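# Survey of secondary and tertiary structure
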Amino acid sequence: MSEIKKILILALGGEGGGTLTEWVVEAGLACGWPIQATSIPGVAQRTGGTSYYIECLPRNLANGEIAPPMCLAPLAGDLDLIVSSELLETARAVERGLSHPQRTQIISSTARSLTTQERIHMQDGRFDAQSIEQTARQACADLQLLDMTALARANGTVVSSVMFGALVGSGVLPLPRPICEKVLCGGDVQSTRSKASLAGFEAGFLKEKWHFPLIESAQYAIESVANTTRILQGVSLPSAVAQIAEHGYARLLDHQDADYALEYLHAVQTFSAIDTAPHAASQEAARTLALWMAYEDVIRVADLKSRRSRFEQIRRDYGAKADEPIVVRDFLKPGIAEIADILPPALSKRLAAWGQARHRRTGSSTLGGGLQLATSTVTGLLTMRLLASLRWLRRRSARFAAEQALMQRWLALLHAALKADAALAFEIARLPSLIKGYSDTHARGKANFLRITEHLLQPALLTAQPVDGELADRVRKAFAAANASPDGHDLLDTLGLSRPAPREHVIHFAKPQPGLRRT
C-alpha cells in the first residue's frame, strides 16, 4: 500500500483537467501499471472547479500478484502530489488539509481567476497571493510556482499540456517521457496542434523555465509614456510619492491630454509639500486622485474598446491564426444619464430631467433595448472611434465640471487634515476610492462619499474649532461601513442617519398576445 502514488489535479472548467487525467491514465496503462482515476465536480463558480484524483502503483505486477485496492477520493494528509491550474484552488486544497507538510509536493500556477465574491467587493476584494504562498509552503514538503496560463499562451497551447509536463517533471510518477509525448499527440507529432502541445509540455517539464513570480496585491500597471520621467524631474516630490505620481501622470496623459496630467502633478505637489514623512497620506492621495481624474465615461469606454491592443489580445486569447477572421460584437446599453454626462451642462440638465421623467413613467433609464455593434467591421470600428474622438468635449461636459468641483472640496479637506492630524489625513486620502464604476454603482459611491464628508469632515475641518482626536477613527469606521453594503444602509446606521424610504418600481402588466397559449 505504501507504494501507491496519490495525485490530485485541480482545474477550472474548460482548462482540460479531464483530458489531462486521461493522458496520465493512458500513459500509466502503457507502462503496464495498475492505475485508476475519479473526478469530483465543483460548484458552478468561475466556470466550475473540478478535482481529479489518481492512484497508481508505478511498477509491473509480479506473476500472480493482485493489484492493491485503491481509493476513489483523496484523504487528508495522504497525497504525494497536488497539481493546480489556479492559485486559489491550491489554497482550498491546503485549507481542507489535503497536503502533508513532510510528504506532499505542490505544483501550482500563480494565475488567478477571480471569484464572484472578489469581483463584487466594494474595494479590492482579491485574496492576497503572498499570504496564500506562505500558507502553502508551511503545509507541504515542496512548493513549486509557475504561471501555467502564461506558459500555455506563450506556446500557443492549452494549460493542460503545461500541467502534464509539470506533473511528469515532478518525478512522482516515473513516466517515460517518450510514452507521455506519444499519448499527448495521439501518434501525430507533426501537426501544428501537436507541436504546440509538445512545446507546452516541455515548458512545464523544465523547472528552469519557471520564472513567473506572484503578482503582489493592490499592484496595478498602466501604459508607460516616454517623457514621463522628464516631466517629473521638473516637479519636486518625495521619492515614495513620485513613484505613484509617475503612473498617475501616464494614466491621465492617456485619458485626456498633457495639460490634464500636469494639473494632476501640481495637485500632488501641493498636498505632498505639507505632508510629513513617511508621506503615507500623500501616497494614498496621489493614487486615488489619479484614478478619480481618469473616470470612465462613454468616451473613455469607446476609446478602450476600439484600440488595436484589444483586438490583438482577443486574437491571442482565442488562439486565432493570422489568416483567421475574428468577429467581435460589443453589447452596449447606454443610460440616459451617461449620455447626459458628456454633454455641456445646459443640454445635460435638460436631457437628465427628461430621463428622470421617463424613468418615473416607464421604469426604464436607458434608450431603447440596447445596441449590438460589430466593432470588428469597418462601420462598427469607425463608430467607436468617432465616439472616442469626442475627448476634446470632455472638459466642456457636465460630468467634468461636477467631478472637478467635488475634487476641489476633497482637496480642501485633505489640506486641512494634513496640517492637523496625519491619521485623519490618510483616512481622507482614501475616501475617493468609494467613487467608482458607472450608473447606479457610481451614484451610490458618490452618495456615500458625500455623506462622510458632509456629516463628519466639513463641520470639523472647515471651522475654527480644534480637530477632535477621535475623528480619524470615526472616518475609518464610516469608510468600512460604506464598503460593507452597496445600498449604504450600514453607513447610514454608523452616521446615525435615517434610512431612506424604499424605492418605488414601476410594474407593467402586458396583455397576452393573440395566438400565444399559457403553459
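Just so you know, these numbers come straight off a predicted model, no measurement behind them.

Scanning the protein chain from terminus to terminus reveals 22 helices and eight strands. Taking as baseline every contact in the protein chain between residues at least 6 positions apart, the subset at least 24 positions apart corresponds to 69%. Summing over all exposed atoms, the protein chain offers an accessible surface of approximately 27,600 Å²; the carbon and sulfur share of this is 55%.

Moving on, we get to the packing of aromatic side chains. Evaluated as defined, the whole model comprises six aromatic pairs. With 6.0 Å between their ring centres and 20° between their planes, F201 and F205 make a pair best called stacked. Taken as a pair, F201 and F205 lie in helix 8 (residues 192–205) at a separation of four residues, close to a single helical turn. Exposure remark for F201: the relative accessible area of 0% places this residue in the buried category. Classification of F205 as partly exposed rests on a relative accessible area of 24%. Ring centres of W292 and W410 lie 5.9 Å apart, and the angle between their planes is 65°; on these two criteria the pair is classed as edge-to-face. Here W410 lies in helix 18 (residues 398–418) and W292 lies in helix 12 (residues 280–293), a separation of 118 residues in the sequence. Residue W292 shares its accessibility class with W410, and that shared class is buried. Taken together, the aromatic side chains of W23, F164, F201 and F205 make up a single cluster linked through ring pairs. Against the face of F205 rests R177, its NZ or CZ located 4.5 Å from the ring centre.

Bringing the nonpolar core into the picture now. Formed by 54 residues in total, the largest nonpolar core has its most connected members in Y264, W410, L414, L424, I428, I452 and L457. For this core, the secondary-structure elements that each account for two or more residues are helix 10 (239–255), helix 11 (258–273), helix 12, helix 18, helix 19 (422–429), helix 20 (439–461), helix 21 (471–484) and helix 22 (489–495). Considering every element that reaches this core, the biggest residue donor is helix 18, with nine residues. Sequence-distant contacts of W410, that is, excluding residues within four places in its chain, are made with A285, T288, L289, W292, I428, A429, P432 and F449. Ranked by size, the runner-up nonpolar core spans 36 residues in total, among them W23, A27, W33 and A152.

Its location among the elements puts D493 in helix 22. Judged by its relative accessible area of 44%, D493 falls in the partly exposed class. Expressed as a C-alpha distance, the spacing of D493 and A478, which sit 15 residues apart in the sequence, is 9.4 Å.

Before going further, it helps to examine the confidence of the model for the protein chain. Segments scoring low in pLDDT should not have their predicted coordinates read at a detailed level. In the predicted model, the protein chain carries a mean pLDDT of 85, and the fraction of residues at 70 or more is 90%. Here residues 211–226 scores under 50 on pLDDT; set against residues more than four positions off or in separate chains, the count is 34 contacts.

Within the structure shown, the criterion is met by zero disulfides. We note that C180 lacks a disulfide partner, and the nearest cysteine sulfur, in C31, lies 7.1 Å from it.

For the rest of this paragraph, the subject is the sheet that holds strand 5 (residues 105–109). Spatially, the six strands line up as an open sheet ordered 2-3-1-4-5-6, and their pairing is mixed. Only two strands of the sheet have a single partner each, and these edge strands are strand 2 (35–41) and strand 6 (142–146). Put simply, the sheet's adjacent strands are angled 15° from each other on average, direction ignored. Across four bridges, the pairing between strand 1 (residues 5–12) and strand 4 (residues 81–84) is parallel. Bridge assignment links L10 to a residue of strand 4, and that residue is S84. Along the sheet, helix 6 (residues 159–170) contacts strand 1, strand 4, strand 5 and strand 6; its crossing angle with strand 4, the most-contacted strand, is approximately 160°.

Cut-offs used in this document
Residues numbered from 1 in each chain as written. Predicted model: local features only at pLDDT ≥ 70, side-chain atom pairs only at ≥ 80, totals over all residues. Heavy atoms only, no water. Helix = DSSP H or I, 4+ residues; strand = E, 2+ residues; numbered from the N terminus. Contact = heavy atoms within 4.5 Å. Areas by Shrake-Rupley, 256 points an atom, 1.4 Å probe, with all protein chains shown as cover. Phe/Tyr/Trp six-rings, centres within 6.5 Å; stacked < 30°, edge-to-face > 60°. Buried < 20%, exposed > 50% of the residue type's maximum accessible area, 1.4 Å probe, protein only. Lys NZ or Arg CZ within 6 Å of the ring centre and 35° of its normal. Core = buried A, V, L, I, M, F, W, Y, C linked by side-chain atoms within 4.5 Å. pLDDT = per-residue confidence, 0-100. Disulfide = S-S within 2.5 Å. Pairing = 2+ DSSP bridges. Axes fitted to C-alpha atoms, helices over the stretch in contact; angles between N-to-C directions.

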